[in-house]
Amino acid sequence: ARCSVGHKFISSFVLYCIMSLIDKAAGNATEGDRNLEVVRPILMEDVEVVEISYNLAFRDSLVFTNLRLIHVDRQGMTGKKIRTTSIPWKKISWFSVENAGRFDLDAELDVKVHGEASPQRFRFGKNVDLSPILKTLGRHVLTGC
């Protein structure tokens, strides 16, 4: 009996780990500050402030400041190669959010930047509260503040 209980625990733990990896591999985001050490040196001193930050996929992040949206994309096996994309609020022409449905694993945010053919897509976990993101985007994109 003790072996079967142990196997059930191990099986549940392994399943949990696999589902967590699938969720991260799908690009689902959670609130976090994983790459703020990369972002802080490029912020305009005494002017720019981080408002909210989300972890994406395994090592990437999406950071919302009072002046721009910053996407940190760690590349390669070690993640030492880093691509940082900075999008000023005035360059975003529209955005859309698709909430997770009953059977969906994620919600999606599309951001259309002037001059780019297609929008950039970011995936958020099903349980992530998108309200702060929508408020931040609305305030900056729709009002220009």
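First, a word on scope: everything that follows refers to the structure included in this document. Along each chain, numbering runs from 1 in the same order as the chain's sequence is written. Under the rules for a predicted model, residues below a pLDDT of 70 receive no local features and side-chain atom pairs below 80 are neither given nor counted, while totals for whole chains, interfaces and linings still include all residues. Hydrogens and waters are ignored; side-chain quantities use all the structure's heavy atoms.

1. Here's the deal with the sheet that holds strand 8 (residues 120-125)
Threshold: For two strands to be treated as a pair, DSSP must find at least two bridges joining them. Comment: elements are numbered from the N terminus, with helices defined as DSSP H or I runs of at least four residues and strands as E runs of at least two. Axis lines are fitted through C-alpha atoms, for helices just across the contact stretch, and the angle between N-to-C directions can take any value from 0 to 180 degrees. By definition in these notes, contact holds between two residues if any of their heavy atoms fall within 4.5 Å.
An order of 6-7-8 is seen for the 3 strands of this open sheet, with the pairing classed as antiparallel. Whereas interior strands pair on both sides, the edge strands pair on one side only; in this sheet they are strand 6 (92-98) and strand 8. Strand-to-strand, the axes of this sheet are offset by a mean angle of 15°, without reference to chain direction. Looking at chain direction, strand 7 (residues 106-113) and strand 8 are connected through 6 bridges and run antiparallel. Residue pairing in the sheet places Asp-106 in a bridge with Gly-125 of strand 8. Docked against the sheet, helix 3 (residues 131-143) engages strand 6, strand 7 and strand 8, running at close to 160° with respect to strand 6.

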